[in-house]
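Structural overview
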Amino acid sequence: MNCPTREEDSLKEEPDKDQDTTEESESKRLLPSQPPSSPSFDDENEVAFESREKIVIVDLETPESIGNVDYVPPFSWKKLWMFTGPGFLMSIAFLDPGNLEGDLQAGAIAGYSLLWLLMWATVMGLLIQLLSARLGVATGRHLAELCREEYPTCARFVLWFMAELALIGADIQEVIGSAIAIQILSKGALPLWAGVLITASDCFIFLFLENYGVRKLEAVFAVLIATMALSFAWMFGDTKPSGKELLIGILVPRIGSKTIRQAVGVVGCVIMPHNVFLHSALVQSRKIDPKKRGRVQEALNYYSIESSIALLVSFMINLFVTTIFAKGFYGTKQANNIGLVNAGQYLEEKYGGGLFPILYIWGIGLLAAGQSSTITGTYAGQFIMGGFLNLRLKKWLRALITRSFAIVPTIIVAIVFNTSEASLDTLNEWLNVLQSIQIPFALIPLLTLVSKEQVMGVFRIGHILQRLAWTVAALVIVINGYLLFDFFVSEVKGLLFGLLICIWTAAYMAFIVYLVIRGDALPPTGFRIELSKRCSVTGS
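This write-up is about the structure you can find in this document. All of these numbers come straight from a predicted model, not from anything done at the bench. Residue numbers run consecutively from 1 along every chain, following the written order of its sequence. Reporting in this predicted model follows two pLDDT cut-offs: at least 70 for local features of residues, and 80 or more for side-chain atom pairs to be given and counted; totals over whole chains, interfaces and linings ignore these cut-offs and use all residues. Only hydrogens and water are removed before side-chain values are computed, so all heavy atoms of the structure are retained for them.

What about unusual backbone geometry?
- Look at Lys187: it is not a glycine, yet its phi comes out positive at around 55°.
- Buried, partly exposed and exposed residues are distinguished by accessible area as a fraction of the type maximum, computed with a 1.4 Å probe on protein chains only: under 20%, between the cut-offs, and over 50%, respectively. Under the relative-accessibility criterion, Lys187 is labelled exposed at 69%.
- You will see that Lys240, though not glycine, has its phi angle at about 50°, which is positive.
- Only DSSP runs of H or I with at least four residues qualify as helices, and only runs of E with at least two residues qualify as strands; both kinds are numbered from the N terminus onward. Structurally, Lys240 is set in the loop between helix H11 (214-239) and helix H12 (243-251).

Thoughts on empty space enclosed by the protein
- The rule is simple: put a 1 Å grid over the protein atoms alone, call a set of points where a 1.4 Å probe fits but cannot get out a cavity, call an open set with protein on both sides within 12 Å along at least five of seven lines a pocket, and count a residue as lining if it has an atom within 4 Å of a point. Grid points are joined across faces, edges and corners, and a volume is the space filled by probe spheres set on the points. Summed over all chains, the structure comprises 4 cavities of 30 Å³ or more.
- When its volume is computed, the largest cavity comes out at roughly 140 Å³.
- Together, 15 residues line the largest cavity, and Glu101, Ile176, Leu340, Leu424 and Asn428 are the ones closest to its centre.
- Elements with a contribution of two residues or more to the lining of the largest cavity: helix H5 (97-110), helix H8 (153-185) and helix H19 (421-438).
- In the scheme used here, Gly and all other residues not listed as nonpolar or charged are polar, with Ala, Val, Leu, Ile, Met, Phe, Trp, Tyr, Cys and Pro taken as nonpolar and Asp, Glu, Lys and Arg as charged. Residues that form the lining of the largest cavity fall into these classes: 9 nonpolar, 4 polar and 2 charged.
- The volume enclosed by the second largest cavity comes to roughly 70 Å³.
- Lining the second largest cavity, in full, are Phe94, Asn99, Gly102, Asp103, Leu118, Thr122, Gly265, Val266, Cys269, Val270 and Asn318.

Examining the nonpolar core
- Buried Ala, Val, Leu, Ile, Met, Phe, Trp, Tyr and Cys residues form a nonpolar core when they are joined through side-chain atoms within 4.5 Å. Membership of the largest hydrophobic core comes to 148 residues, with the highest contact counts inside it found for Leu135, Phe232, Phe325, Trp362, Tyr379 and Phe388.
- A total of 15 residues in this core trace back to one element, the largest contributor, which is helix H15 (residues 293-329).
- Working rule for contacts: check all heavy atoms of both residues, and any pair within 4.5 Å makes them a contact. Not counting residues up to four positions away in its chain, the partners in contact with Phe388 are Ala144, Cys147, Arg148, Arg156, Leu159, Trp160, Ala163 and Phe277.

Notes on helix H17 (residues 358-389)
- A helix is expected to span 1.5 Å for every residue after the first. In this model H17 runs 46 Å from its N-terminal to its C-terminal C-alpha over 32 residues, within 8% of the 46 Å that 1.5 Å per residue would give.
- The buried fraction of H17 is high, at 28 of 32 residues.
- Trailing H17 by a residue or two, Asn390 shows a phi angle of about 55°, which is positive.

So, the environment of Ala369
- Looking at the secondary structure, you find Ala369 in helix H17.
- Here Ala369 falls in the buried class, since its relative accessible area comes to 0%.
- The sequence separation of Ala369 and Leu224 amounts to 145 residues, and the corresponding C-alpha distance is 7.3 Å.
- Leaving out residues up to four positions away in the same chain, Ala369 has contacts with Leu95, Pro97, Leu100 and Met228.

A few points about the packing of H11 against H15
- Between H11 and H15, the shortest axis-to-axis distance is 9 Å and the interhelical angle comes to 35°. Of the two possible hands of crossing, H11 and H15 adopt the one that is left-handed. Here H11 contributes Ile225, Met228, Ala229, Phe232, Ala233, Met235, Phe236 and Thr239 to the contact with H15, which in turn contributes Val313, Ile317, Phe320, Val321, Thr323, Ile324 and Lys327.
- Classifying every residue of the contact of H11 with H15 gives 12 nonpolar, 2 polar and 1 charged. Angular values range over 0 to 180 degrees, each being the angle between N-to-C directions of two axes fitted as lines to C-alpha atoms, with helices fitted over their stretch in contact. Note on convention: the crossing is left-handed when the near helix lies turned anticlockwise from the far helix by less than a right angle, right-handed when the turn is clockwise.

A few points about a nonpolar patch on the surface
- Residues Trp430, Leu496, Phe497, Leu499, Leu500 and Ile503 make up a contiguous nonpolar surface patch of about 620 Å² in total accessible area.
- Counting residues per element, the nonpolar patch draws most heavily on helix H23 (residues 495-519), which supplies 5 residues.
- Looking at where Leu496 falls in the secondary structure, it is placed in helix H23. Surface patches are defined over residues having more than 30% relative accessible area and no salt bridge, joining like charges when they lie within 9 Å and nonpolar side chains (Val, Leu, Ile, Met, Phe, Trp, Tyr) when within 5 Å. Using a 1.4 Å probe, the Shrake-Rupley method yields the accessible areas, and only the shown protein chains count as cover for residues. The working definition used for a salt bridge is a side-chain nitrogen of Lys or Arg within 4 Å of a carboxyl oxygen of Asp or Glu.

Section: the pattern of salt bridges
- Throughout the structure, instances matching the rule amount to 7 salt bridges.
- Ionic pairing is found between Arg286 and Glu218, a salt bridge with its closest N-O pair at 2.8 Å. Here Glu218 lies in helix H11 and Arg286 lies in strand S2 (residues 286-287), a separation of 68 residues in the sequence. Each member of the pair, Arg286 as well as Glu218, carries the same accessibility label: buried.
- For the salt bridge of Arg295 with Glu298, the shortest nitrogen-to-oxygen distance reads 4.0 Å. Of this pair, Arg295 and Glu298 both sit in helix H15, 3 residues apart, which is roughly one turn of that helix. Like Arg295, the residue Glu298 is buried in the burial classification.

Some details on the packing of aromatic side chains
- Working definition: a ring pair exists when centres of Phe, Tyr or Trp rings (six-membered ring for Trp) sit within 6.5 Å. Plane angles under 30 degrees give stacked, over 60 give edge-to-face, the rest tilted. Inspection of the entire model under this criterion finds 16 aromatic pairs.
- Arranged with centres 5.2 Å apart and planes meeting at 85°, the rings of Phe83 and Tyr303 form a pair that is edge-to-face. Within this pair, whereas Phe83 is found in helix H3 (residues 77-83), its partner Tyr303 is found in helix H15, the two being separated by 220 residues in sequence. As far as the burial class goes, Phe83 and Tyr303 line up, both buried.
- Joined through ring pairs, the aromatic side chains of Phe75, Trp77, Phe83, Tyr302 and Tyr303 make up one cluster.
- Both a distance and an angle decide whether a charge sits over a ring: NZ of Lys or CZ of Arg must be within 6 Å of the ring centre and within 35 degrees of the ring normal. Above the plane of the ring of Trp81 lies Arg215, whose end atom (NZ or CZ) is 5.4 Å from the centre.

The analysis is restricted to geometry; functional conclusions fall outside its scope.
Given below as structure tokens:
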């Protein structure tokens, strides 16, 4: 009897090994790349949430789910409630004091005519935030972490610096907004700088709440959003705006030559660079098994529903503010002079006191907006710094560093501009410009990463969604580019300053082009395919 030799055994086993290897490589290709699951990974690398901090989503095993990684459980209201939270924290960036100022100025100067734009700008913002959530859920990492891996050192540090600048600009607006609200509610007893110091203490409130778990923190934000909604809804009912004009403003697109700047401001306020980073990290607060495609898809479905509801609420609040000032000040002499600093005073003069003075209702809503947005700013700052630099710091130290970046310049601003409304309005314009400049450096990396199969696996976005997303991104970038151009034309004076701006603009555009070309994530078009062919021929 002839026994098979070892060589013959190995030859018989080779096809099975090849088949196993093929199946393994195929599964790796279909699933997004994941960080190692060992405990040492969390110890050596910065992560959005530690494993012990994540909320466990309880699933009941069914015959269909056993051994089926593609199984998506049926819809459950209980599960939707468990996934509810990150979208509402994200939506606060749509309600910060800078946005409220844009709303009130749009209402006072343009009346009801820009409500349609507010609605569609919110829809565009929703698309961007859903892509951010998709990136975080599918990869198990947030945008700042993935940028650290995707880009070389120099580009990575530029992106981090730009993200920090955007965060500081937003934070100054939010802290100043809170300080103005404190000044209103204290009847002027507390100066602006004192309000800034009080607002700075939210860092420690944030740390205190975080120790009690993610759900407790989300509950506090729910209370703050409800406070805003009730305050501005009360004002909306008190001022009795025209229902007919409101409906026409939402359904009929109109824009006049005198309201272009307000229109640009409405769109520009919707996409906040730090918020794109924030949402991709917040969605990781739920424990999802990334190896089960069905569970990942389920999480994406629930987060999409939750984010849509959250931004619907934020749209209603923004609509309330716009229509309140459209009703009270559109077509009046005060329309061009209203800003965040004097809005409460104008409201009091227009509508008087009463049982619940409108000035203090405005102050309560503004305080809720400022406090909630500064705390989420602290949250975003931790993710941005930790993700880009891979810093393993204690939470209190990270939060203290993040707050210091914004609080120190804000105190200086508050002391310098304490008594000057015009100066504060000018500063606010510069801060809006600062944030507008940063938008491409959040959108381009996001769209690059969600379009890559090696990053997203089967959850990469398709060509149609790619085209739509890049169109929205291009539109937002162009609109903000117009805002920058208009601002620099009116503000930049002097040959030397103008020359410096031109040099800076050239470097800025060159970096944007670098990000687009390096990402290679633009949707395929005839022009792009032809350009790629020419580049490949030249390279060879």
